[in-house]
Amino acid sequence: MIYLKTEEEINLIKESAQVLGKAHAEVAQWIKPGITTKKLDTIAEDYIRSYGGIPSFKGFNNFPASLCMSVNEVVVHGIPGNYELKDGDIVSIDCGVKLNGFHSDSAYTYPVGEVSKEVMDLLTATKKSLYKGIEQAVDGLRIGDIGFAVQHYCEERGYTVVRELVGHGVGRELHEGPEVPNYGKRGKGLRLKEGMVLAIEPMINLGTKSVMQERDGWTIRTTDRKYSAHFEHTVVVRKGKAEILTTFDYIEQVTANTSLMVEVK
């Protein structure tokens, strides 16, 4: 179902999104070679609960953790564990927070230590494509306009767009309608209306767009094992210009002038 949100509900999502942004930043402070993904997950859960929030992902369809921790060729839904991050890795951290009855959802991909220029360019392009998609989240446009903007920007630079995984509506439920693909045709698909709250989340690959699911039933990785990047914001459709409800500001205060920073000009 698609639910248009009232201004009161949007403000509650904003409150959730502030806790989410700060939780991301708390985790970012600990990202370095040698730390386990399980340790980062514990840091996030403790932080979210200390603010009265609930980790949206933990227990969702029996997912066992608070963060999706996707390293290198893992696109999404990686399960935190004993893996120790290494110099040259990238790690996508996807997190959700439920507060005051409403969810927010965002993701950020971090370079760990020194990564190659090729990989850094992938991260930069993926993050930029997120904002290209958000520019189209305007009352009167269509879902296909969002997907086209992401797809065109990334494919023009030689990257591929994952087809099997999409963004979604967000609100009282973590996943609501509509689906928000990262590919599409201008002027096609559902017409966007003010008050729709969407998680827009480009998942962009360095190699093939083809992906597969691991035996754990969650982890999705590229079939060619080349790196994949993922950035996500929760936004509300508005007249004239979309409003971003989640924030990377706290992350970027922590990562400024460090190797973790992913700059978009």
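Keep in mind it's a predicted model, so treat the numbers as computed, not measured.

What counts, and at which threshold
- Throughout this document, residue positions are counted from 1 along each chain, in the order its sequence is written.
- Reporting in this predicted model follows two pLDDT cut-offs: at least 70 for local features of residues, and 80 or more for side-chain atom pairs to be given and counted; totals over whole chains, interfaces and linings ignore these cut-offs and use all residues.
- No hydrogens and no water enter the side-chain calculation; it runs on all heavy atoms of the structure.
- UniProt positions are given in the numbering used here, feature names are shortened, and annotations may be inferred rather than shown by experiment.
- Throughout, the protein atoms alone are placed on a 1 Å grid, and a set of points is a cavity if a 1.4 Å probe fits but cannot get out or a pocket if it is open with protein on both sides within 12 Å along at least five of seven lines; lining residues have an atom within 4 Å of a point.
- The helix count covers DSSP runs of H or I at least four residues long, the strand count covers runs of E at least two residues long, and both are numbered beginning at the N terminus.
- Here a residue-residue contact requires only that any non-hydrogen atoms of the pair lie within 4.5 Å.
- The cut-offs for exposure are 20% and 50% of the maximum accessible area for each residue type, with area from a 1.4 Å probe on protein chains only; residues under the lower value are buried, those over the upper are exposed, and the others partly exposed.
- When the centres of two rings from Phe, Tyr and Trp lie within 6.5 Å, Trp using its six-membered ring, the rings pair. Their planes under 30 degrees apart give stacked, over 60 give edge-to-face, and anything left gives tilted.
- In this analysis the charged atom, NZ for Lys or CZ for Arg, is taken to sit over a ring once it is within 6 Å of the ring centre and within 35 degrees of the ring normal.
- Strand pairing is defined by DSSP finding a minimum of two bridges between the two strands.
- Every angle, taken between N-to-C directions, lies between 0 and 180 degrees, and every axis is a line fitted to C-alpha atoms, over only the stretch in contact when it is a helix.

Undergrad: So what exactly am I meant to see when it comes to the UniProt feature "binding site: a divalent metal cation 2" (unreviewed entry) in the chain here?
TA: UniProt records the feature "binding site: a divalent metal cation 2" (unreviewed entry) at Asp-105, His-168, Glu-201 and Glu-232, using the numbering of this structure. Annotated residues spanning 128 residues; largest pairwise C-alpha distance 10.8 Å, indicating a single compact cluster. Narrowing the list just given to those that line the largest pocket leaves Asp-105, His-168, Glu-201 and Glu-232. With respect to the secondary-structure elements, Asp-105 resides in strand 5 (residues 102-111). Here Asp-105 is in contact with Leu-20, Phe-57, Asp-94, Cys-95, Gly-96, His-168, Leu-174, Ala-199, Glu-232, His-233, Thr-234 and Thr-246, once residues within four sequence places are set aside. Turning to its location among the elements, Glu-232 is positioned in the loop between strand 13 (228-230) and strand 14 (233-236). Residue Glu-232 is classed as buried on the basis of its relative accessible area, which comes to 0%.

Undergrad: For this particular structure, what's the right way to read the packing of aromatic side chains?
TA: The relative placement of two aromatic rings is captured by the distance of their centres and the angle of their planes. Summed over the entire model, instances satisfying the criterion amount to 6 aromatic pairs. A network of ring pairs unites the aromatic residues Tyr-108, Tyr-110, Phe-231 and Phe-248 as a single cluster. Above the plane of the ring of Trp-30 lies Lys-39, whose end atom (NZ or CZ) is 5.6 Å from the centre. Sitting above the plane of the Tyr-183 ring, Arg-163 keeps its charged end 4.8 Å from the centroid.

Undergrad: Would you mind showing me how to read the sheet that holds strand 9 (residues 197-200) here?
TA: Adjacent strands of a sheet pair through backbone hydrogen bonds, lying either parallel or antiparallel. Pairing in this open sheet of 5 strands is antiparallel, and the strands run 8-7-9-14-15 from one edge to the other. Among the strands making up the open sheet, the edge pair consists of strand 8 (176-180) and strand 15 (243-244). Lying on the sheet, helix 3 (residues 117-134) is in contact with strand 9, strand 14 and strand 15; it crosses strand 14 at an angle near 15°. Here helix 4 (residues 143-155) sits on the sheet in contact with strand 8 and strand 9, set at roughly 40° to strand 8.

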